[in-house]
Amino acid sequence: MSRIAVLVWLTAIMVAALGLFHVKYEVQRLEEELGLEHQSILERQEAIHILKAEWSYLNQPARLSDLARRHLGLAPMVGTQVIRLDDLPQRAVRKAEVPTPTLDAILARARNAR
Amino acid sequence: MNRPDATFVQTRRPLDLDPGPDPTSMVLLDGTIKQCLEIGRTRLLAAGLIFAMAFLVVGLRLVDVSLLTDGNEPRLAATPRSNALETIRADIVDRNGVVLATTLPTASLYANPRQVLDPEAVAARLSAALPELPEPELAAKLAADRSFVWLKRKLSPRQQHEVNRLGIPGLYFQHEPDRVYPHGALTAHVIGFAGMDNRGLSGIEQAFEERLRGATRPLALSLDLRVQHVLTEELATAMATFRAIGAAGLVLDAENGEVVAMASLPSFDPARPGESDGDARFNRASLGVYEMGSVFKIFTTAMALDQGAVGLQDGYDVSQPIRVASYTIRDFKPKNRWLSVPEIFIYSSNIGSVHMAMDSGTPAQKAFLGNLGLTRAAQIEVPEVGQPMVPSPWREINTMTISYGHGLAVSPLQMVGAVAAVVNGGDLVPATLLKRGDGERVVVRRVLSARTSRDMRWLMRLAVQNGTGRLADAPGYLVGGKTGTADKLRGRRYARSARIASFIGAFPMDRPRYVIFAMIDEPKGIESTHGYATGGWVAAPVVRRVIERMGPLLGIQPKALDEEEGADRHLVPVNLKGTVFAAN
C-alpha cells in the first residue's frame, strides 16, 4: 500500500519537475522573443523618426513650389478666384421630368446610330 | 528533574500482573517543578496556536492563489518602455506639426592608430572617400601613438557608407545624436541653433533648453511654415529687386498674439552657424530697432482720436512747414491746403501729424506709446529682443518727431503688437511664438476704445484704397495699412540715400485676423518705381502678395468686391483728387 503511494508521489514529483522546467524554458524563450520584438520596435521607431525628418525636408515649401512650377504649371491662387456657393447663379428652369430610358431603348438607339 | 528539592513519590507496583490503570500510579508534582511544567505547556500551546494560525493563513492563501484566483498571467506586466523613442532633445514643430528641428543619430568616425597598420596608405584611401579631410593631416593623426583619435564628427549616412566600404581595420564609428533643421535658413532666426554638444545657443533652442532637454513631447510653435515661406520669399524678391541690404517681416494673429511668421533676411544655415557672418545671424524682426517713419502715424492718429483731441471731421492747414529749433518739418509730397484728419492719415502728412501730437500733448503721447508696449522691450520667448531707443528727456521736439516716426526706434515685433491692439478692438495681446489653444486669448490691457479702433480700421483701409498704400490692396481681402519711409541715422545725421521702407497692414479690415509687417532695409529706387524707394513702392507690394498667397492657405473668405461698400463708414469730408466726397 505504502509502496504504491510512494510510486504515485514520485511520479507526481517528476511530472511536476518536468512541467516546471518546461515552463521555465518556455518563459525564457518568450522573454528573448519579447526582447527582440522590443528591439525591432525601437529600430522601427528610429527609422520612422528619421523618415519624418526626411519627409519634412522633402516638403520644404520652396522645393514644392519649384516642383509645382516645373511640373504642374500652377500659379498661386488670388482672392478674386474664390467664389462662394451663394454667388453661383441658380439653375434657370427645372426641365420637365424625362423618363429614364430602358436598357433596350439605349441599345436600340446605339444600333440605329451605327 | 534532578533538582535537589524534587520529590518523587512512586508507589510500589508488582511486575507479574497487569494491574491496569492504577489510579495511584501517577507522578505527583508539586512545588516549583509543577509550576515549570505548567509554564512550558502554556508556552507550547501558545506557540502551537500561532503556528497553526500561520499555516492556516498560508494554506488559505495557497488555495486562494491556486484555485480561486484567475490562473492567467498577471494583468499588469512590467514591459520595457518601447512606445516612446528616447531622444536626448525633443523635436520642435510648427503649428501644423511640420518638423522644424529634430535629433537624428549620426555616426562619428574615430580611429585607434595603434591598430592602423599602414597610416600613409589608409590616409590616402580615406581622403579619397572624404575629400574634405586633407591627406597629410590624416596621416599624422593615424601615425600618432595613441589609442583614440577623432577623424570626423557627424558623418552623413552616405559618407558613413563610403567609409564602411573601404573596410579599413582600426577605424570605428561612434553613434552621436545631432540636431537637424530640415528647413534650414527658412526658420533659422526663430528656431536658432544648438551647438556641438546639442545645447541651444540661440532662438527657441536656447530659450527652451530645459523644456527640450531629455524630453520626447515635441514643442509646438505658433509659426505656420507655409506663411513663413511666402513671407520670406516675397521679402527676398523685394530685396533683390531693390538691391537692399536686408529685410524683415512678421505676420501676427491680431486676436491672440500668435506669431504666424517671422522672417529676417539675410538668413543663415543653422547647421553651420559659424560660417555665416554676424549680420546674417542678426534677427532684424525682434532684435533690430529702427525708426519706423510714417507707420507711427497710426499711433498718433489713434491717440488723438481716442483722447478726443481731434475728431474725424477736424483738420489742419498743412501749407506751412513747422520750424522748431534748427529743424524744419515738411511733407514729403506737400498738399499746401487744409487737410481733414483722414486726409492727413492717408496722404501721410508729417505737418498734420505734428499738429495732432501737439494737441494731445507730450505726457499723453508718452503714456499712450508706453501702453502700446513701444517704450519697453517686447516680451517674446526668444532671447533676441531689442531694447527700444527712447528719447530721454522726452521733450516737445521729440513729441513732434515721434508723431511721424522719428526719434523713437522700436523693433518690428513691438510694431505689430501695437498695431494689432489698434485694429483688434483695443486690447493689447502679448505676442507669442508658442501655439495657443483654441480660443485662448490673453489680454495685457485695454489701450484704446472700441470706437477708436473701428475708426482706425476704416482709416487704414482708406489709406490703402486711396492713399499711399494703394499697392498693398489685395482684391477681396479688405487690406488696410500704412506706409512708412524713414531715413536711417548715420552717426548723428540722417542719411538721405539710406532708408527703411516699410508697410504695416492688417486684413480683412472688417474683422482683422492678421497683422502683416514688411520692412526693406536700404532699398534703391529702380526704373519701374520711377526711382522711388518708399514704403508705398517697395514694401506695400510685398504685403499685397503675401496676403494674396496666405489668404487661400489659411482659408480666409475673400469678400466680393461690391460688398466692400457696406463696410462701416463715417460722414467725413475727404478731398480725393479734387472731388470732395462724403464717405458714409
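Residues numbered from 1 in each chain as written. Chains lettered and ligands numbered in written order. Predicted model: local features only at pLDDT ≥ 70, side-chain atom pairs only at ≥ 80, totals over all residues. Heavy atoms only, no water.

A separate point is the packing of aromatic side chains. Residue and element names in this part refer to chain B. Inspection of the entire model under this criterion finds 10 aromatic pairs over all chains. Measuring from centroid to centroid gives 5.2 Å for Phe296 and Phe299, while their planes differ by 85 degrees, and the two rings are edge-to-face. With respect to burial, Phe296 and Phe299 carry one shared label: buried. Between Tyr532 and Trp537, the aromatic rings sit 6.4 Å apart at their centres with planes inclined by 5 degrees, giving stacked as the arrangement. Judged by its relative accessible area of 29%, Trp537 is partly exposed. (Phe/Tyr/Trp six-rings, centres within 6.5 Å; stacked < 30°, edge-to-face > 60°. Buried < 20%, exposed > 50% of the residue type's maximum accessible area, 1.4 Å probe, protein only.)

As a further point, take the interface of chain B and chain A. At the interface, 27 residues of chain B touch 22 residues of chain A. Across the chain B to chain A interface the summed buried area is about 2,100 Å²; carbon plus sulfur atoms make up 67%. On inspection of chain B and its partner chain A, the count reaches zero salt bridges. Those elements giving two or more residues to the side of chain B that touches chain A turn out to be strand E2 (99–111), helix H8 (225–241) and helix H17 (535–553) of chain B. Its residues assigned to classes, the side of chain B that touches chain A comprises 14 nonpolar, eight polar and five charged. (Contact = heavy atoms within 4.5 Å. Buried area = accessible area lost by both parts, 1.4 Å probe. Salt bridge = Lys/Arg side-chain N within 4 Å of Asp/Glu carboxyl O. Helix = DSSP H or I, 4+ residues; strand = E, 2+ residues; numbered from the N terminus. Nonpolar A, V, L, I, M, F, W, Y, C, P; charged D, E, K, R; others polar.)

Looking now at the pairing of strand E6 (residues 246–253) of chain B. All names here are of chain B. Across the eight residues of E6, eight count as buried, placing the element largely inside the fold. Neither face of E6 is open: one carries Gly246, Ala248, Leu250 and Leu252, the other Ala247, Gly249, Val251 and Asp253, and all of them are buried. Across six bridges, the pairing between E6 and strand E7 (residues 259–265) is antiparallel. Across the sheet, residue Gly249 finds its bridge partner in E7, namely Ala263. In textbook terms, the turn of a hairpin is the stretch between consecutive antiparallel strands, and for E6 and E7 this stretch comprises five residues, one of which, Gly257, has a positive phi near 80 degrees. (Pairing = 2+ DSSP bridges.)

This paragraph deals with the packing of helix H10 (residues 297–306) of chain B against helix H13 (residues 362–371) of chain B. Residue and element names in this part refer to chain B. Viewed as axis vectors pointing N to C, H10 and H13 meet at an angle of 115 degrees, and their least axial separation amounts to 10 Å. Between H10 and H13 the crossing geometry is right-handed. Contacts from Phe299, Ala302 and Met303 of H10 reach H13 at Ala364, Gln365, Phe368 and Leu369. Among the residues making up the contact of H10 with H13, the classes are represented as six nonpolar, one polar and no charged. (Axes fitted to C-alpha atoms, helices over the stretch in contact; angles between N-to-C directions. Left-handed = near helix turned anticlockwise from the far one by under 90°.)

Segments scoring low in pLDDT should not have their predicted coordinates read at a detailed level. In the predicted model, chain A carries a mean pLDDT of 84, and 90% of its residues have values of at least 70. Ranking the elements of chain A by mean pLDDT puts helix H3 (residues 103–113) of chain A last with 76 and helix H1 (residues 2–58) of chain A first with 92. (pLDDT = per-residue confidence, 0-100.)

This part takes up the sheet that holds E7(B). Residues and elements named next belong to chain B. Across the sheet, five strands lie side by side as E7-E6-E18-E17-E16; this open sheet has antiparallel pairing. The open sheet terminates on both sides in strands that have one partner only, identified here as E7 and strand E16 (480–490). When strand polarity is set aside, the average angle formed by the axes of neighbouring strands in this sheet is 10 degrees. Pairing of E6 with strand E18 (residues 514–521) involves eight bridges; the strand directions are antiparallel. Within E18, the residue paired with Gly249 across the bridge is Ala518.

Attention now moves to H8(B). If you check H8(B), its first and last C-alpha atoms are 24 Å apart, about what 17 residues at 1.5 Å a residue would give, namely 24 Å. If you check which residues of H8(B) are buried, you get B:Leu225, B:Val227, B:Gln228, B:His229, B:Val230, B:Leu231, B:Thr232, B:Glu234, B:Leu235, B:Ala238 and B:Met239. As for H8(B), its buried residues are in contact with helix H2 (61–72) of chain A together with E2, E6, E7, E18 and H17 of chain B. Remark: B:Arg243 follows H8(B) within two positions and exhibits a positive phi of approximately 45 degrees. (Expected span 1.5 Å × (residues − 1).)

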